[in-house]
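Structural description and commentary
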Amino acid sequence: MPLISRSPATGVWLLTTPRTSYALRIDDTGAPCHVAWGPRLTPAEADSLAGPFEEPVSSFEGRPAVGEELPVDGGTRYGPPSLQVRYADGSRAFEWEPVGHRVDDSVPGVAELVLEFRDRVFPLSVALHYRVRADTDVIERWTVLRNDGGRHVDLLRADSAAWTLPPLADYRLSHVTGQWSAETRLRRERLPHGETVLTSRRGITSHHANPWTMLDDGTADEDRGRVWSTALAWSGSWRITVQRTPDGRAGLTGGVGHEGTRVPLGPGEEFTTPVSAGLFTDGGFGAASRAWHGYVRAHVLRHAGETAPVLYNSWEATGFDVTEAGQLALAERAARLGVELYVVDDGWFGARRSDRAGLGDWTPAPDRFPRGLRPLSDAVHRLGMRFGVWVEPEMVNPDSDLYREHPDWVLHLPGRRRTELRNQLVLNFARRDVADWAFAWLTRLVAEHRVDFLKWDMNRVFGESGRPGPEDGGDRVWTRYVHHLYGVLDRLREAHPELRIETCSGGGGRVDLGILARTDQAWTSDNTDAVDRLGIQRGFSQVYPARVMSAWVTDVPNQLTRLTVPLRFRFHVAMAGLLGVGGDLTRWSEEELAEAAGLVARYKEIRHLVQHGEQYRIGDPYGDGPSAVQYVAADGSEAVVLAFGASPRHGTPRVPLRLRGLPAGARFRDTETGAVHHATVLTEYGLDVRLPGGDWASSLLHLQRVPDGDAGDRAGS
Ligand code: DGJ
């Protein structure tokens, strides 16, 4: 079946992915309308779903609030508009007039449909874009708006796409909420009637919400059930409005900006929205996550095929007390552990001895690095590791040479106070000169100091978000800032193809499909407490793969929570993502260093499964019994299980953990004990995880498939 086809009988467009279908058509008023989104359909089946257009049942109804591909503000529509326009004469509305369509399938395995429209009255063009691929069920959608006239147009709302669900008996919404050091708390709640708004007004994706949704009928679980999900590829303010109508339909619309912000379009200007990606899966939340992970690895990340190195980061060890000698001492110990990438965090530049000064002055602090960073970089390279540094290019401390020279470079509103958060202000990346300045010093830093890795941080949210001077500056800030940020990242990667970048915003404040297209991994959270991390990582994994989930082993008692858990447990939790070490190694005993070196070596044996395999979440990390994350090789030949337990309570029933994703009938050998297990027993009857006693125990089980016909040597299950 072609990826995109059109029915000659009904005009229905049918988009086909490996396991799903998406269908739409243009109705008799010219508006693009939804037909179907779910399991695979033949063209004839899709046609049969395109029933006659329904007339409103009373004069108090208008067009159905759910069911259009991009509901506009105009005519008799009363739902949340995806597109809301104000013209130069003050009038509003958009009336669909189809002007054409095209299908581009020139590249094998991918096809794009573009439906073109204009307003019936004003010279405004709208193009709806749909991209489908042969290797993923994710459908990418975006919208391009162009002002073809000679007068100004305001896009009061310019969403990427609206998504419509089929009628279901009930609706449940999964999403995440959070705050600094408590990101990605998974919420799974019944969708209320009316409108539910998920949003960030902070200028970044935010710790507080993340621009993805999953909807089901309330019965799906990790392994079973139909799930419709969406994710927005955008790293600034955003809004998603999920709707449940009085007549029992549900859908959502989402895009850039929060309420009250607009996208100005001058004469001849065009605005391309970010991608809103949609995914239907039948196989529970686990299958939905695995499909997202596969999509991110194949089509969002640029270097997902690479194996990410074990990293060391100095932040929790030294704070701002960064010196060449101190870093070298840590680097030598890190190298002994088997670390492959050494990262100097905040505190290496300008007058940065606390968070009160120095941001913006990006030259190595002469008192602590008299010969610059190059000697440290060379020493790290000699130790056999790559060299990384922390940067925060979008920020400035008022106490800095940069601010003294360019006080007008920050986001501000004339005559109003400039509110500092963490003693810093936001540099206005919406200004071309500011973005160019950032690129210039970053590219120099990378080249001169032989930097292999940047941790790109962003430690405060927007405030007084204006841009005095240019007309519309205050409104353009929200989108142009992000576009210029993307531009600097893109240019840096272009100029330094070997450079790898970690996105960070006080932990996980800027993780989304937009930033992941320009970076290689994400700092998940400033909360490095392994127990809290179990929940944070579970929420993170709903859409984002372990391949980008950076996790460090740090000291106990934990800086934030004061909790003390065993080193092995801390390692096992961090091994569920990109393993890093962030403790003060100069204080670790020889026994601890030896245990850590063993665990790093163990990680290297299994990391191909974590980073490139299929992930399964098993059990509740905060429930009575053990929980686990399991990663299975794409060909089913290997698996690793990381199991975690809390404080054992005497008499709690021992329920075996049922593993997932292992080929039935196969046998697997435990690489540590040599015991041979039957896959069917492990998946249908479960593995009796006997964790060592005590609080916060954990285990790692690495299974390798026994070739058929091999007798195996030791019986397990
Ligand atoms: C916030 C980051 O998330 C931390 O890891 C650290 O880099 C600090 N910023 C440094 O200021």
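Residues numbered from 1 in each chain as written. Predicted model: local features only at pLDDT ≥ 70, side-chain atom pairs only at ≥ 80, totals over all residues. Heavy atoms only, no water.

**Let's talk about the site of the ligand**
Around the ligand sit 14 residues in total, of which Asp345, Asp346, Lys455, Asp457 and Asp526 are the nearest. Between aspartate 457 and the ligand, the recorded distance is 2.7 Å, taken from a side-chain N or O atom to a nitrogen atom. Within the complex, the protein chains bury 98% of what would otherwise be the 300 Å² of accessible surface of the ligand. (Near = heavy atom within 4 Å. Polar contact = N/O pair within 3.5 Å; in protein donor to acceptor, adjacent residues only side chain to side chain. Areas by Shrake-Rupley, 256 points an atom, 1.4 Å probe, with all protein chains shown as cover.)

**Considering helix 11 (residues 567-574)**
Helical geometry note: an α-helix holds 3.6 residues per turn, so side chains three or four residues apart project in the same direction. Among the 8 residues that make up helix 11, 7 are buried, leaving the element largely enclosed by the rest of the structure. Among the residues making up helix 11, those that are buried are Leu567, Phe569, Arg570, Phe571, His572, Val573 and Ala574. Where helix 11 is buried, its residues contact helix 10 (530-540), strand 29 (549-553), strand 30 (578-581), helix 12 (590-612), strand 33 (638-644) and strand 36 (698-706). (Buried < 20%, exposed > 50% of the residue type's maximum accessible area, 1.4 Å probe, protein only. Helix = DSSP H or I, 4+ residues; strand = E, 2+ residues; numbered from the N terminus. Contact = heavy atoms within 4.5 Å.)

**Structural notes on the UniProt feature "domain: Glycosyl hydrolase family 36 C-terminal" (unreviewed entry) in the protein**
Using the residue numbers shown here, the UniProt feature "domain: Glycosyl hydrolase family 36 C-terminal" (unreviewed entry) corresponds to residues 627-703. Counting secondary structure, residues 627-703 comes out at 9% helix and 35% strand; the distance between its end C-alpha atoms is 18 Å. (UniProt positions renumbered as here; feature names shortened; annotations may be inferred.)

**Focus: helix 10**
Burial within helix 10 is extensive, with 10 of its 11 residues counted as buried. Inspection of helix 10 places Ala530, Val531, Arg533, Leu534, Gly535, Ile536, Gln537, Arg538, Gly539 and Phe540 among the buried residues, and these make up the whole buried set.

**Describing the packing of helix 4 (residues 324-337) against helix 12**
Interhelical geometry of helix 4 versus helix 12 gives an angle of 50 degrees and a closest axis separation of 8 Å. In terms of orientation, helix 4 lies oblique with respect to helix 12. Across the interface between the two elements, Arg333, Arg336 and Leu337 of helix 4 pack against Glu590, Leu593, Ala596, Ala597 and Val600 of helix 12. For the contact of helix 4 with helix 12, a count of residues per class yields 5 nonpolar, no polar and 3 charged. (Axes fitted to C-alpha atoms, helices over the stretch in contact; angles between N-to-C directions. Parallel < 35°, antiparallel > 145°, perpendicular 65-115°, else oblique. Nonpolar A, V, L, I, M, F, W, Y, C, P; charged D, E, K, R; others polar.)

**A short note on the nonpolar core**
Counting 182 residues, the largest nonpolar core has Leu155, Trp292, Trp348, Leu454, Leu513 and Phe571 as the members making the most contacts within it. Not counting residues up to four positions away in its chain, the partners in contact with tryptophan 292 are Val138, Met214, Ser229, Thr230, Ala231, Ala277, Gly278, Leu279, Leu513, Gln542 and Val543. (Core = buried A, V, L, I, M, F, W, Y, C linked by side-chain atoms within 4.5 Å.)

**A word on unusual backbone geometry**
Cis geometry is adopted by the peptide bond preceding proline 557, which originates at valine 556 and carries an omega value of -10 degrees. Residue position: proline 557 is located in the loop between strand 29 and helix 11. Here the phi dihedral of serine 181 falls at roughly 65 degrees; this positive angle occurs in a residue that is not glycine. Mapped onto the elements of the fold, serine 181 is located in the loop between strand 11 (172-177) and strand 12 (185-190).

**Overview of the pairing of strand 11**
Counting buried positions along strand 11 gives 5 out of 6 residues, so the element sits mostly inside the fold. Here 6 bridges tie strand 11 to strand 12, and the two strands are oriented antiparallel to one another. Within the sheet, the bridge partner assigned to valine 176 lies in strand 12 and is leucine 186. When strand 11 meets strand 14 (residues 212-216), the two strands line up antiparallel, connected through 3 bridges. (Pairing = 2+ DSSP bridges.)

**Digging into the UniProt feature "domain: Glycosyl hydrolase family 36 N-terminal" (unreviewed entry) in the protein**
Those places that UniProt annotates as "domain: Glycosyl hydrolase family 36 N-terminal" (unreviewed entry) correspond, in this numbering, to residues 30-265. Across residues 30-265, the secondary structure splits into 3% helix and 48% strand, with the terminal C-alpha atoms separated by 24 Å.

**A few points about the sheet that holds strand 4 (residues 32-39)**
Strand order in the open sheet formed by 4 strands is 1-2-3-4, and the pairing between neighbours is antiparallel. The open sheet has two edge strands, strand 1 (4-6) and strand 4, and neither has a second partner. When the angles between neighbouring strand axes are averaged without regard to direction, this sheet yields 20 degrees.

**Things to note about the environment of arginine 602**
Here arginine 602 lies in helix 12. A sequence separation of 98 residues divides arginine 602 from leucine 700, and the C-alpha atoms of the two residues are 9.2 Å apart. For arginine 602, the residues in contact, after removing those within four places along its chain, are Met575, Thr671, Glu672, Leu700 and His702.

**Observations regarding the packing of helix 7 (residues 432-448) against helix 8 (residues 473-495)**
The geometry of helix 7 relative to helix 8 is characterised by a closest axis approach of 10 Å and an angle of 25 degrees between their N-to-C directions. One finds that helix 7 runs roughly parallel with respect to helix 8. Considering how the two elements wind past one another, helix 7 and helix 8 form a crossing that is right-handed. Across the interface between the two elements, Arg432, Ala435, Asp436, Phe439, Leu442 and Thr443 from helix 7 touch His484, Val488, Arg491, Leu492 and Ala495 from helix 8. Per-class residue counts for the contact of helix 7 with helix 8 are 6 nonpolar, 2 polar and 3 charged. (Left-handed = near helix turned anticlockwise from the far one by under 90°.)

**Structural notes on the domain arrangement of the protein**
Where interface size is quoted, it is often the accessible area lost as the parts come together. Along its sequence, the protein is carved into domain 1 (4-299), domain 2 (311-612) and domain 3 (617-705). Taking only C-alpha atoms, the centre of domain 2 and the centre of domain 3 are 34 Å apart. Every contact between the two is made by 22 residues of domain 2 and, on the other side, 26 residues of domain 3. Contact between domain 2 and domain 3 buries roughly 2000 Å² in total, counting both sides, with carbon and sulfur atoms accounting for 62%. The largest share of the area that domain 2 buries against domain 3 comes from Arg538, Arg602 and Leu609, three residues that together contribute 32% of it. Counting the contacts that link domain 2 with domain 3 gives 0 salt bridges. Between domain 2 and domain 3 we count 10 residue pairs in polar contact (both at pLDDT 80 or more) in total. Going through the elements one at a time, helix 10, helix 11 and helix 12 are the ones with two or more residues in the side of domain 2 that touches domain 3. (Domains from an automatic or database assignment. Buried area = accessible area lost by both parts, 1.4 Å probe. Salt bridge = Lys/Arg side-chain N within 4 Å of Asp/Glu carboxyl O.)

**So, the side chain of arginine 607**
By the secondary structure assignment, arginine 607 is in helix 12. Of note is the side chain of arginine 607, whose polar atom sits 3.2 Å from the backbone oxygen of alanine 308. Dropping the residues within four chain positions of it, arginine 607 is found in contact with Thr307, Ala308, Pro309, Val310, Glu340 and His612.

**Details of the environment of valine 153**
For valine 153, the position within the fold is in strand 10 (residues 153-164). Sequence-wise, valine 153 and threonine 42 are 111 residues apart; in three dimensions their C-alpha atoms are separated by 41 Å. The residues contacting valine 153, other than those within four sequence positions of it, are Val85, Arg86, Tyr87, Leu124, Asn147, Val263, Pro264 and Leu265.

**Digging into the pattern of salt bridges**
Overall, the coordinates contain 54 salt bridges when judged by the stated rule. Here arginine 224 makes a salt bridge to aspartate 221, at a shortest N to O gap of 3.1 Å. You can call aspartate 221 partly exposed: its relative accessible area is 31%. Across the pair aspartate 688 and arginine 690 runs a salt bridge whose closest N-O atoms are separated by 3.0 Å. Relative accessible area serves as the criterion here: at 32%, aspartate 688 is assigned to the partly exposed category. Overall, the relative accessible area of 60% leaves arginine 690 in the exposed class.

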